[in-house]
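# Commentary on secondary and tertiary structure
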Amino acid sequence: MGIFILALVLGVSLAQHDPHMKHGRTSIVHLFEWRWADIADECERYLAPNGFAGVQISPPSESIVLQNPWRPWYERYQPISYNLCSRSGTEKELRDMVTRCNNVGVNIYVDAVINHMCGAGGGEGKHSSCGSYFNSHKKDFPAVPYSSWDFNDGKCKTNSGEIENYHDIFQVRDCRLVSLLDLNLQKDYVRDKVAEYMNTLIDMGVAGFRVDACKHMWPGDLQAVSSRLHNLNTSWFPSNSKPFIYQEVIDLGGEPITASDYTGIGRVTEFKYSSKLGTVIRKWNGEKMAYLRTWGEGWGFMTSGNALVFVDNHDNQRGHGAGGSSVITFWDPRIYKMATGFMLAHPYGVTRVMSSFRWNRHIVDGKDQNDWMGPPSYPDGSTKPVLINPDTTCGDNWVCEHRWRQIRNMVIFRNVVNNQPISHWWDNGSNQVAFGRGNRGFIVFNNDDRHLDMTLNTGLPGGTYCDIISGQKEGSRCSGKQVTVDSDGRAHFNISNMDEDPFIAIHVDSKL
Ligand code: AAO
């Protein structure tokens, strides 16, 4: 316990806070709703060669199959059992993906839905992804099995049985979140079943878990599950490695349940990061990029060693969850690339890049009427493969933000500057900012409505560098802008506010 507290105070990475990334890689990509077969290919053909550390996959557990609305993406957040056939593929395909990704050093992190089963109105029958029978009215899930004894309803004190008030921590943990049947994780039996599910995946070779809806589970219950987990598979990880745990807790301030209730168990999603970065890059509420000088703990975020960060996630990119309209997504590509560039250049937290599918967004009075739409699919509801165009972008409404040159190259930048502190910060008091990472990399942003024309100290060794935003180094050539750093580390930067991408990034591996 003493060591544990000491580690917390020092911000030292604790066992379940360590993502076990390999080969100096540093970022996770969420391949939202991708099929296992496509992820396996992507690990080999794209993620490993471009320095991605891992993939967050959509929930692999058996889920309800919904028809009204038609096959929404969120059906996968309504488990029916812990069988491993899902909209992304079979158990065999899942195993094959884990093996192939591990073999090229790309970790798999599983989205684990363990707080609840399907909605109370889910019905009766076999409309489930592996065809298992269930009856939501009787709370009967024989494929686990769970029965009505395994749910929290007896403990919930609201009349509706629903969470009605986020200021009452007992409601939030013991009542139903949007009618989802709330598992009683106080029971050893439920803890055992959940741990058995997670251990099957650990034994298969996954590196850890994004744990869904942690605000709705008692930290002590999560700890009890966590203590039952196996160490990672030694075919790919050092012996005695604990699974990486990052918990989804939406803490934007103002509620009694906070992220810090959970940081003893693993990392926590820092939603303030997503929401605030959007506000700054959009220049709302008088925010400016110059204020990012103190980004991180200085903005009231949790300790860096506890945080998992992102520009947007699968909920807040379509108005689910929280964070509001400030959140930046692929729908605004110019500022999205800048926001993601900033995130990847800045040392705070473990970074997760979003990779989305496009849907028919239709906003009426601020609400997207089509926020439910599932992934690109065939008329029978099965998910379409990810189409790769000759120019390496994706087709068939797969957005593949992680394949955008600017984002992919910044994922590499983060690897190159890993563990280096921020250095040589400069700003114009407004929205032109620049900073280095030790003597390994340097980035300059112009988010003002005027030209940037400045000589700055980069801290880099003298030479000619290739900007990895407008292009990249290809052999001994540069397909983008070139930056000349003189022998004392100074370089001249010229960035028009009209540029397609008004930022420049260079690092020691982009030196010509
Ligand atoms: C669907 C239907 C429901 C139906 C249900 C069952 O939409 O109408 O009742 O099926 O039949 C996803 C979808 C849901 C979907 C569900 C199951 O988003 O629409 O329900 O699958 O299919 C809360 C939780 C958080 C959760 C988030 C969506 O705390 O854990 O809601 N995220 C995860 C997943 C998500 C998934 C689930 C959980 C469930 O990432 O994809 O749901 O597995 C406050 C609280 C937050 C709370 C939000 C939204 O936020 O703080 O904790 O998130 O409200 O309820 C200000 C505040 C901010 C506040 C916000 C909104 O900004 O600062 O804190 O206002 O009030």
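The coordinates are above.
What you are looking at is a predicted structure, and each value in this text was computed from that prediction instead of being measured. (Residues numbered from 1 in each chain as written. Predicted model: local features only at pLDDT ≥ 70, side-chain atom pairs only at ≥ 80, totals over all residues. Heavy atoms only, no water.)

### Digging into the pattern of salt bridges
Our working definition: Any Lys or Arg side-chain nitrogen found within 4 Å of a carboxyl oxygen on Asp or Glu counts as a salt bridge. Secondary structure elements follow DSSP: runs of H or I no shorter than four residues count as helices, runs of E no shorter than two count as strands, and numbering proceeds from the N terminus. Per-residue accessibility, obtained with a 1.4 Å probe over protein chains only, is compared with the maximum for each type, and a residue is labelled buried under 20%, exposed over 50%, and partly exposed between these values.
Applying the stated criterion across every chain, the model contains 30 salt bridges. Arg403 is the partner of Glu42 in a salt bridge, and the nearest nitrogen-oxygen pair spans 2.9 Å. Placement of Glu42 in helix 2 (residues 36–47) and of Arg403 in the loop between strand 16 (394–395) and helix 9 (405–416) is noted, with a sequence separation of 361 residues between them. For the residue pair Glu42 and Arg403, the accessibility class agrees, reading buried in each case. Close ionic contact of Arg95 with Glu91 constitutes a salt bridge, the shortest N to O distance being 3.2 Å. Taken together, the residues span about one helical turn, with Arg95 and Glu91 both in helix 3 (residues 91–103) at a distance of 4 residues.

### Looking at the packing of helix 7 (residues 271–281) against helix 8 (residues 333–345)
Selection criterion: Geometry is summarised by axes, namely lines fitted to C-alpha atoms with helices restricted to the contacting stretch, and by angles between N-to-C directions that run from 0 to 180 degrees. Small angles under 35 degrees read as roughly parallel and large ones over 145 as roughly antiparallel, with 65 to 115 read as roughly perpendicular and the rest as oblique. Should the near helix be turned counterclockwise from the far one by less than a right angle, the crossing is left-handed, whereas a clockwise turn marks it as right-handed. Any two residues whose heavy atoms approach within 4.5 Å are treated as being in contact.
Relative to each other, helix 7 and helix 8 sit at 125°, their axes nearing to 10 Å. Classified by the interaxial angle, the pair formed by helix 7 and helix 8 is oblique. Taken as a pair, helix 7 and helix 8 cross one another with a handedness that is right-handed. Taken together, the residues of helix 8 that come into contact with helix 7 (itself represented by Tyr273, Leu277 and Ile281) are Ile335, Ala339, Phe342 and Met343.

### Considering the sheet that holds strand 26 (residues 503–507)
Keep this limit in mind: Pairs of strands are assigned from DSSP output, requiring at least two bridges between the strands.
Spatially, 4 strands are ordered 17-18-19-26 in an open sheet, and the strand pairing comes out antiparallel. Two strands lie at the open edges of the sheet, namely strand 17 (422–427) and strand 26, each paired on one side alone. For this sheet, the mean inter-axis angle between neighbouring strands, taken without regard to orientation, is 5°. Where helix 8 meets the sheet, it contacts strand 18 (432–437), strand 19 (441–446) and strand 26, and its direction lies at approximately 150° from that of strand 19. Sheet contacts for helix 9: strand 18, strand 19 and strand 26; angle to strand 26, the most-contacted strand, approximately 40°.

### Some thoughts on the nonpolar core
Note the cut-off: As used in this record, nonpolar core signifies buried Ala, Val, Leu, Ile, Met, Phe, Trp, Tyr and Cys residues forming a set joined through side-chain atoms within 4.5 Å.
By size, the foremost hydrophobic cluster in this structure holds 132 residues, and its most contacted members are Ile39, Val55, Met97, Ile108, Phe141, Tyr146 and Phe209. With residues near it in sequence (within four places) discarded, Ile39 still touches Leu31, Trp34, Val55, Ile57, Met97, Cys101 and Ile108. Judged by nonpolar contacts, the second largest core, of 15 residues, contains Val444, Leu456, Phe493 and Ile504.

### What about the site of the ligand?
Heads up, the rule is: The cutoff for a nearby residue is simple: one of its non-hydrogen atoms must lie within 4 Å of the molecule or strand. Whenever a nitrogen or oxygen atom comes within 3.5 Å of another N or O atom, the pair is scored as a polar contact, on the condition that within protein one atom can donate a hydrogen and the other can accept it, and that pairs from neighbouring residues in sequence are kept only if both atoms are in side chains. Here the accessible surface of atoms and residues is derived via Shrake-Rupley with a 1.4 Å probe, and residues count as covered only by protein chains that are part of the display. Cavities and pockets were defined on a 1 Å grid built from protein atoms only: a cavity is a group of points that admits a 1.4 Å probe but offers it no way out, a pocket is an open group of points flanked by protein on both sides within 12 Å along at least five of seven lines, and a lining residue is one with an atom within 4 Å of any such point. Cavity and pocket membership follows a simple rule, namely that a molecule belongs there if more than half of its atoms are within 2 Å of the grid points. Polar here means any residue other than Ala, Val, Leu, Ile, Met, Phe, Trp, Tyr, Cys and Pro, which are nonpolar, and Asp, Glu, Lys and Arg, which are charged; Gly is therefore polar.
The environment of the ligand is made up of 24 residues, and the closest members are His216, Glu248, Glu255, Asp315 and His320. Within the side chain of His216, an N or O atom sits 2.6 Å from an oxygen atom of the ligand. With the chains in place, 72% of the 1,100 Å² that the ligand exposes on its own is no longer accessible. Of the pockets mapped on this structure, the ligand occupies the largest pocket. Of the residues that constitute the shell around the ligand, the class distribution is 10 nonpolar, 8 polar and 6 charged.

### Focus on the state of the cysteines
The test is simple: Disulfides are defined as cysteine sulfur pairs within 2.5 Å.
Scanning all chains against the criterion turns up 5 disulfides. A sulfur-sulfur distance of 2.1 Å marks the disulfide that ties Cys43 to Cys101. Because the torsion about its S-S bond is 90°, the bridge between Cys43 and Cys101 counts as right-handed. Here Cys101 lies in helix 3 and Cys43 lies in helix 2, a separation of 58 residues in the sequence. Side by side, Cys43 and Cys101 carry an identical accessibility label, which is buried. Linked covalently through their sulfurs, Cys156 and Cys175 form a disulfide whose S-S length is 2.1 Å. Because the torsion about its S-S bond is 95°, the bridge between Cys156 and Cys175 counts as right-handed. In this pair, Cys156 is assigned in the loop between strand 6 (134–135) and helix 4 (169–174) and Cys175 in the loop between helix 4 and strand 7 (180–182), connecting sequence segments 19 residues apart. Like Cys156, the residue Cys175 is buried in the burial classification. Look at the protein chain and number its bonded cysteines as they come in the sequence; the links are 1-3, 2-4, 5-6, 7-8, 9-10. Free cysteine: Cys118, not disulfide-bonded; nearest cysteine sulfur from Cys130 at 14 Å. Cys118 sits in the buried class, given a relative accessible area of 0%.

Read these as spatial facts, not as claims about activity.
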